[in-house]
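# Examining the three-dimensional arrangement
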Amino acid sequence: MLRDGACESIWQTSVTEFVSRAAFIPVGIQDVVIVGGGITGITTALLLQQAGKRCVVVEAHNIGFGTTGGTTAHLNTFMDSSYAQIKQNFSAEDAQLIARGARQSIDLIKSNIERYNIACKFRELPGYLFSTTEEESSALESIIAASKEAGVAVGLVNETVLPIPYHQISIWEGQAQFHPLQYLHGIAKAFEAAGGVLLQGCRVLHAEDNETIEVITTKGNIKCRQLIYATHIPPGVNLLHFRCAPYRSYVLGVKLKGDGYPDAVAYDMHDPYHYYRTEEVNGEKYLIVGGEDHKTGHEDNTEACFRRLESHVRNYFEVASIPYKWSSQYFEPTDGLPYIGHLPGHPGNIYVATGFGGNGMIYGTLSGMLLRDLIVSGASELEELLDPNRIKPVAGFANFVKEAADVAGKWVGGLFPQEKLPALADMAPGEGRIVEFEGKKMGIYKDERGKVYAIDPGCTHIKCTVQWNNAEKSWDCPCHGSRFSFTGEVLTGPARKSLAVYDVKQGKVVI
Ligand SMILES: Cc1cc2nc3c(=O)[nH]c(=O)nc-3n(C[C@H](O)[C@H](O)[C@H](O)COP(=O)(O)OP(=O)(O)OC[C@H]3O[C@@H](n4cnc5c(N)ncnc54)[C@H](O)[C@@H]3O)c2cc1C
């Protein structure tokens, strides 16, 4: 099964590609087209189909190709933006709404698993959040107080969950974990069984927003009444690209000497934080540890992030081997809450769900419920709070300015060092870099067999310069997170078009 990176996640290797029922571009006007076959798209499609809507999911690759195939699938009622932050940025009532929505999301996942008999290793477990310094402990205390106020069951305990010394440790009841692709495949099957159409290997290129919407895809056009972008970040140029910042996070699947695998989900409070859980694949246990997050395109050597994560793990655990390593991308919202609802600039019938941070299993599921309610009954209790058109100058202002300034710096300033094109023979196999050649910037990648690929590094979204990601063998845009394969094809939006490619023949670049 394919994913949007070169490293294989533990999930990819333990499922086969989902085979859709024979599906063709449907004729006539459909009720809803959902773009994107990750947890957000498939959950939303299933709920709408169950509610009597005629739905079509359009997925550019295979379902699970995006971050849903590269996640770690903790299911939490507490969020990366803590309830203390939500209370501060929004209100105590809003923190309660999010807590309730998170609980409903876990309940929906659980009921789908029961109803459709999905074997996806769903387990309810306690969650542990621990501090390692006094400063972190005081933050932990305020998180606990705000979480209790929001209605979440949490308290301090004195337990040992991981072999990592802690200052204070809190327990969160009713957390869970599952195999994200087994779950995704299960709900996709249920969607098809309910009459939904799932088109894989079909990219949406454009949508014309008239009385009925005309969706232009690589396999033909579809007419529909409502369109949902469940693409993790909407394609094209949109206000939301200035309100969401792309980040990359790294994960290791580790075999331990002995049986010290935690029977819990756990988190430290470092910035960026580490996250821990256990997964069993083919009767073998693995410790899954994540962390080392950074803004996309802001790390020269992404392999070094894996090395730092490994060194963190080896500091505390008796490591036997590390069979899995992968990384993936998420989008951080500027005010801490996701954007789910009407796509800015399209108040009518086009919807979006984005800005989930590290909580997209929950927010992707919540998006399904919120969008179903908006489309079916015209209202949701979360509509106003998560409105993508909201303006939260107080809550989001500092972040917004920081992210926007960063974008402008990358876009206008072109912060990349001026280099001469080295003799192509000097590049190591597997290496990629931006070089200057006869006054033009270009991105060069040499594959393991010595074949050279050259692209124009101007991102086709809004022309920031892409950066080489040596771990996932992709060109990543530091501004809005568009990602391209070494041959220049779009892996991740918002870009819609491939990078321009230079022709490389026998070591000579022809421009
Ligand atoms: C390393 C890591 C660990 C994480 N761990 C957790 C966790 O433990 N718990 C948690 O809750 N969240 C976690 N997250 C976040 C969560 O995984 C994501 O938010 C979530 O998977 C996003 O799902 P999605 O369906 O919105 O997007 P995606 O899974 O990215 O799906 C979008 C799909 O849209 C398709 N697409 C894009 N453009 C087009 C187009 N034009 N036409 C057709 N199809 C298109 C893509 O191919 C893709 O399959 C983690 C994230 C990372 C990076």
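The structure displayed is predicted, hence computed values, not measured ones. (Residues numbered from 1 in each chain as written. Predicted model: local features only at pLDDT ≥ 70, side-chain atom pairs only at ≥ 80, totals over all residues. Heavy atoms only, no water.)

## Quick word on the sheet that holds strand S24 (residues 490–492)
On the basis of which strands lie adjacent, the open sheet formed by four strands has the order S21-S22-S23-S24 and antiparallel pairing. Each end of this open sheet is capped by a strand with a single partner; those strands are strand S21 (467–469) and S24. Taken pair by pair, the neighbouring strands of this sheet meet at an average axis angle of 35 degrees, ignoring direction. When strand S22 (residues 474–476) meets strand S23 (residues 483–485), the two strands line up antiparallel, connected through three bridges. Each bridged residue has a counterpart across the sheet, and for tryptophan 475 the counterpart in S23 is phenylalanine 484. (Pairing = 2+ DSSP bridges. Helix = DSSP H or I, 4+ residues; strand = E, 2+ residues; numbered from the N terminus. Axes fitted to C-alpha atoms, helices over the stretch in contact; angles between N-to-C directions.)

## Here's the deal with the site of the ligand
Looking at the ligand, there are 38 residues lining it, with Thr40, Glu59, Thr68, Thr71 and His74 nearest. In the model, a nitrogen atom of the ligand is placed 3.0 Å from a nitrogen or oxygen of the alanine 60 main chain. At a separation of 3.0 Å, a nitrogen atom of the ligand approaches a polar backbone atom of glycine 358. When residues of the shell around the ligand are traced back to their parent elements, those giving at least two are helix H1 (39–50), strand S11 (244–256), strand S15 (319–333) and helix H7 (360–377). The class makeup of the residues in the shell around the ligand is 15 nonpolar, 21 polar and two charged. (Near = heavy atom within 4 Å. Polar contact = N/O pair within 3.5 Å; in protein donor to acceptor, adjacent residues only side chain to side chain. Nonpolar A, V, L, I, M, F, W, Y, C, P; charged D, E, K, R; others polar.)

## Section: the packing of H1 against helix H5 (residues 180–193)
Running from amino to carboxyl end, H1 crosses H5 at an angle of 30 degrees, the nearest separation of the two axes being 9 Å. Between H1 and H5, the interaxial angle falls into the category roughly parallel. Seen along the crossing, H1 lies across H5 with a hand that is left-handed. Two secondary-structure elements touch here, H1 through Ile39, Ile42, Thr43, Ala45, Leu46 and Gln49 and H5 through Tyr183, Leu184, Ile187, Ala188, Ala190 and Phe191. (Parallel < 35°, antiparallel > 145°, perpendicular 65-115°, else oblique. Left-handed = near helix turned anticlockwise from the far one by under 90°. Contact = heavy atoms within 4.5 Å.)

## What about the packing of aromatic side chains?
Applying the stated criterion across every chain, the model contains 16 aromatic pairs. Between phenylalanine 78 and tyrosine 267 the ring centres are 5.3 Å apart and the planes differ by 90 degrees, which places this aromatic pair in the edge-to-face class. Placement of the pair is phenylalanine 78 in the loop between strand S3 (74–75) and helix H2 (83–89) and tyrosine 267 in strand S12 (residues 265–267), with a sequence separation of 189 residues. By relative accessible area, phenylalanine 78 is classed as buried at 9%. The class for tyrosine 267 is buried, based on a relative accessible area of 5%. Here the aromatic residues Phe78, Trp172, Tyr267, Tyr273 and Tyr275 are joined through ring pairs into a cluster of three or more. Seen from the ring of tyrosine 286, lysine 255 lies directly overhead, with NZ or CZ sitting 4.8 Å from the centre. (Phe/Tyr/Trp six-rings, centres within 6.5 Å; stacked < 30°, edge-to-face > 60°. Buried < 20%, exposed > 50% of the residue type's maximum accessible area, 1.4 Å probe, protein only. Lys NZ or Arg CZ within 6 Å of the ring centre and 35° of its normal.)

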